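Summary of the model geometry
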Amino acid sequence: MAKAPPSFQFYPADFVVGTAQLDHKAIGFYLLLLCFQWMHGKLSPNKCLICRMCRLSEAEYDELWPQISDKFQIAEDGRPFNVRLELIRQKAVALSEKRTTSGKKGGRPRKPIGSV
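What about the overall build of the protein?
- Summing up its helical and strand segments, the protein has 5 helices and 2 strands in all.
- In the protein, the succession of helices and strands from N to C terminus is α-α-α-α-β-β-α.
- A buried classification covers 31% of the 116 residues belonging to the protein.
- Taking the contacts inside the protein whose residues are at least 6 apart along the sequence as the reference set, 64% of them involve residues at least 24 apart.
- Taken as a whole, the protein presents about 8200 Å² of accessible surface, with 58% of it coming from carbon and sulfur.

Description of unusual backbone geometry
- Here the phi dihedral of R55 falls at roughly 60°; this positive angle occurs in a residue that is not glycine.
- Tracing the backbone shows R55 in the loop between α3 (47–54) and α4 (58–68).
- Take R55: its relative accessible area is 64%, and that puts it in the exposed class.

Some words on the packing of aromatic side chains
- Applying the stated rule across the entire model yields 8 aromatic pairs.
- It is R89 that lies over the ring of W38; its NZ or CZ is 4.9 Å from the centre.

Focus: the nonpolar core
- Of all hydrophobic cores here, the largest spans 23 residues; its most connected members are F29, L33, I50, C54, W65, I68 and F72.
- Within the residue set of this core, elements represented by two or more residues are α2 (24–40), α3, α4 and α5 (83–105).
- Here this core gets 7 residues from one element, more than from any other, and that element is α2.
- Other than its neighbours up to four places away in sequence, F72 contacts Y30, L33, Q37, L43, W65, P80, F81 and N82.

Each value, and the rule that gives it
- Residues numbered from 1 in each chain as written.
- Predicted model: local features only at pLDDT ≥ 70, side-chain atom pairs only at ≥ 80, totals over all residues.
- Heavy atoms only, no water.
- Helix = DSSP H or I, 4+ residues; strand = E, 2+ residues; numbered from the N terminus.
- Buried < 20%, exposed > 50% of the residue type's maximum accessible area, 1.4 Å probe, protein only.
- Contact = heavy atoms within 4.5 Å.
- Areas by Shrake-Rupley, 256 points an atom, 1.4 Å probe, with all protein chains shown as cover.
- Phe/Tyr/Trp six-rings, centres within 6.5 Å; stacked < 30°, edge-to-face > 60°.
- Lys NZ or Arg CZ within 6 Å of the ring centre and 35° of its normal.
- Core = buried A, V, L, I, M, F, W, Y, C linked by side-chain atoms within 4.5 Å.

Next up, the structure:
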């Protein structure tokens, strides 16, 4: 997995619509999971680790996970991930690579001087 930039594109209208049925605890849990996924790639399948990272008891996790589980897929390695966030990551990495390539070319003339 390519290193992602330190921030990700956030679409407030889509987030509000996509979380309209959730209570405030589930929204916070979901947002923290998105942030952890951005920083680390896929999430841990370890429930205790997720609880610690998101400051939840196991009972709170058991109450909240069913509310947001449809927003994640499970990878072959058993780790949950949000598909849309991974698409955003791919776009961000591609843009970063494009800018790096363009920056390396910066300041050089495109054609030799005097050529037609």
